[in-house]
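Listed below are the residues making up each chain.
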Amino acid sequence: MTLSTPLFHALNTRSLSEITDRIAGLQGEISSGKNDPRASADPVRALRLSAVNEQKDALDRFSTNVERVGSRLDQADIVLKEATNVQRRIRDLALRATSDTMASDERKSIGIEVTQLRQSLLGLANARDETGQALFGGFQTRADPFVEGPEGVSYRGDGGQIRLQVSESFSLAAGISGADVFGGEAGTTVFDAIDDFLSALGGDGSFPSDRVTSKGTMLVQPTPTREPGSWSMTLTGPAGEVALRFDAAAGSVSGAVDAINAQTALTGVSALRDPDTGGLVLSANGEIAISGVTASSVRSGPVMQVTPENGQPRAVMSADQTRSAVIGRLQAASDTLIDQRTRVGALSANASAQAEVIDTRKVMMAEATAQLEDLDLAAALTKLQQSLLSRDATQQSYVKITQKSLFDYLR
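Structural notes, computed from the coordinates. Everything numeric here is computed off the predicted structure, so don't read it as measured data.

What counts, and where the lines are drawn
- Residues numbered from 1 in each chain as written.
- Predicted model: local features only at pLDDT ≥ 70, side-chain atom pairs only at ≥ 80, totals over all residues.
- Heavy atoms only, no water.
- 1 Å grid on protein atoms, 1.4 Å probe; cavity = no way out; pocket = protein on both sides within 12 Å on 5 of 7 lines; lining within 4 Å.
- Points joined across faces, edges and corners; volume = space filled by probe spheres on them.
- Nonpolar A, V, L, I, M, F, W, Y, C, P; charged D, E, K, R; others polar.
- Helix = DSSP H or I, 4+ residues; strand = E, 2+ residues; numbered from the N terminus.
- Contact = heavy atoms within 4.5 Å.
- Pairing = 2+ DSSP bridges.
- Phe/Tyr/Trp six-rings, centres within 6.5 Å; stacked < 30°, edge-to-face > 60°.
- Buried < 20%, exposed > 50% of the residue type's maximum accessible area, 1.4 Å probe, protein only.
- Core = buried A, V, L, I, M, F, W, Y, C linked by side-chain atoms within 4.5 Å.
- Expected span 1.5 Å × (residues − 1).
- Arc of directions from axis to C-beta.
- Axes fitted to C-alpha atoms, helices over the stretch in contact; angles between N-to-C directions.
- Parallel < 35°, antiparallel > 145°, perpendicular 65-115°, else oblique.
- Left-handed = near helix turned anticlockwise from the far one by under 90°.
- Salt bridge = Lys/Arg side-chain N within 4 Å of Asp/Glu carboxyl O.

Quick notes on empty space enclosed by the protein
Thought 1: One pass over the full model with this rule turns up 2 cavities of 30 Å³ or more.
Thought 2: There is about 40 Å³ of room inside the second largest cavity.
Thought 3: As for the second largest cavity, its lining consists of R72, L135, G138, G160, Q161, I162, A174, G175, I176 and S177.
Thought 4: Within the lining of the second largest cavity, the residues separate by chemical class into 4 nonpolar, 5 polar and 1 charged.

Re the environment of F170
Thought 1: Mapped onto the elements, F170 comes out in the loop between β3 (163–165) and β4 (171–173).
Thought 2: Here the alpha-carbon distance between F170 and Q354, two residues 184 residues apart in the chain, equals 9.8 Å.
Thought 3: Not counting chain neighbours up to four residues away, the residues in contact with F170 comprise Q165, N350 and Q354.

Re the pairing of strand β8 (residues 270–273)
Thought 1: Here 4 bridges tie β8 to strand β9 (residues 280–295), and the two strands are oriented antiparallel to one another. Bridge pairing in β9 places A271 opposite L282.
Thought 2: Connecting β8 to the next strand, β9, in antiparallel fashion are 6 residues, including G278 with a positive phi near 80 degrees.

Here we look at the packing of aromatic side chains
Thought 1: The tally for this structure, following the rule as stated, stands at 6 aromatic pairs.
Thought 2: Seen in terms of ring centroids, F146 and F182 are 5.5 Å apart; in terms of plane orientation they differ by 80 degrees. Their pairing is edge-to-face. Placement of F146 in strand β1 (residues 146–149) and of F182 in the loop between α4 (178–181) and α5 (190–201) is noted, with a sequence separation of 36 residues between them. In terms of burial, F146 and F182 fall into one category: buried.
Thought 3: Residues F182 and F191 carry aromatic rings whose centres are separated by 6.4 Å and whose planes lie at 25 degrees to one another, so their mutual orientation is stacked.
Thought 4: By relative accessible area, F191 is classed as buried at 0%.
Thought 5: A connected cluster of aromatic rings, assembled from ring pairs, spans F136, F146, Y155, F182 and F191.

Quick look at the nonpolar core
Thought 1: Ranked by size, the top nonpolar core spans 54 residues in total, and within it L121, F136, F146, F182, F191, F197 and L330 carry the most contacts.
Thought 2: Elements with a minimum of two residues in this core: α2 (43–97), α3 (104–125), β2 (152–155), β4, α4, α5 and α8 (323–373).
Thought 3: Looking at this core, the element that brings in the most residues is α2, giving 16 residues.
Thought 4: With sequence-adjacent residues up to four places away left out, L121 is seen in contact with A83, V86, Q87, F182, V190, F191 and I194.
Thought 5: By size, the runner-up hydrophobic cluster in this structure holds 29 residues, among which are W231, V293, V303 and M304.

Regarding the environment of L219
Thought 1: Tracing the backbone through its elements, the reader meets L219 in strand β5 (residues 211–222).
Thought 2: The exposure class of L219 is buried, given its relative accessible area of 17%.
Thought 3: In the structure, L219 is positioned 55 residues away from D274 in sequence and 8.2 Å away in space, judged by C-alpha atoms.
Thought 4: Not counting residues up to four positions away in its chain, the partners in contact with L219 are D274, T277, G279, L280, V281, Q305, V306 and T307.

Here's the deal with α3
Thought 1: In this model α3 runs 31 Å from its N-terminal to its C-terminal C-alpha over 22 residues, within 8% of the 32 Å that 1.5 Å per residue would give.
Thought 2: Taken together, the buried positions of α3 are R107, I110, G111, V114, L117, R118, L121, L122, L124 and A125. Within α3, the buried residues cover an arc of 145 degrees as seen down the axis, which keeps them to one side. The exposed residues of α3 that point more than 90 degrees off its buried face are D105, I112 and Q116.

What to know about the packing of α3 against α5
Thought 1: Running from amino to carboxyl end, α3 crosses α5 at an angle of 165 degrees, the nearest separation of the two axes being 10 Å. In terms of orientation, α3 lies roughly antiparallel with respect to α5. Handedness of the crossing formed by α3 with α5: left-handed. Here R107, I110, G111, V114, T115, R118, L121, L122 and A125 of α3 lie close against α5, whose contacting residues are V190, F191, I194, D195, F197, L198 and L201.
Thought 2: For the contact of α3 with α5, the per-class residue count stands at 11 nonpolar, 2 polar and 3 charged.

Quick notes on the pattern of salt bridges
Thought 1: The tally for this structure, following the rule as stated, stands at 12 salt bridges.
Thought 2: E130 serves as the salt-bridge partner of R68, at 3.1 Å between the closest nitrogen and oxygen. Of the two residues, R68 sits in helix α2 while E130 sits in the loop between α3 and β1, which places them 62 residues apart along the sequence.
Thought 3: Classification of E130 as exposed rests on a relative accessible area of 51%.
Thought 4: Here D92 ties to R91 by a salt bridge, and the two come within 3.1 Å at their closest N and O atoms.
Thought 5: Overall, D92 belongs to the partly exposed group, its relative accessible area being 30%.
Thought 6: Assessed through its relative accessible area of 16%, R91 is described here as buried.
Thought 7: Salt bridges sharing partners connect three or more residues here, namely R68, R72, D129 and E130.

This is the structure:
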């Protein structure tokens, strides 16, 4: 096959250019210590490197989420520690206030301090993290989860638990619901127990009872309410004891009169309406006792006032608002805070363990990246030497051939 001179020069020029580019590429790789990242240089290696880089990016996101989880849990732990101390102080004050040797003025002073502690506890319940999100609002993190209202503190959050992804198939809880810590989603809050304690102190600093007795006669005045409510109580008379139920509204006692008189044969107690006070006058030939009073329309405070035969009025509370019941609820609230702080500690430990897993995976990804990116220096130097020799040989051959002329062949 015959080659023209222009084609010969073009082929040799292209060959030298390719060798020169290859030499330049090898020299660049040797100076940087990295393999050629282009997919055209090694498609398989480029594909594997792309997958590794995606894993590294995902691990960075997971690491950020773990740090976020750890930060929120640490802040929740600090808040719960302080809340536990506040609640423990309230419980201790309540125990002091129930002492029979405690003076009335001292009980009033305790009530003032407990009121201030209650405000501190409310502030802790509405604590926020560094981004301004409520720690104990569940999924409702913008507004305060616990709000003061006419009927006490109510929970406006939910029972949700914020979770952040920390691996391809695992997420961590970044906090706990305020309903679990302070109550409120499906029942009463810790603030209700505190309010009951303050109410139990009473205006004169005394503790009302859930049972009152009298001989002969007794004046009973249920707490008036606008809304109708269902009442229940245990009435004990000289003849026996019965459980009574009746409806009352706006101070009306007609239902109670009918219910009591319907059981006179069993109790020995009769009732009539007192025209002066609008209350009930109970009478019997012996001792009369009222206990276990509940009223659906009275949410806190005394459910009725009873004036025994001796003429000294006494406030009657429902059984769940007596001193022993209130102390029990305050203690239960303290125990709940301790339990929830333990729960936060367990979640924090889990986050720390997951952070270690992510760090280990990052090291493995770094090693995999190094294996794919780092240059085999010995092999690269060998290829460079071969390319240099090939370039030199090509140049020498080209020079030799181009120096020949027709006269050289005719000699």
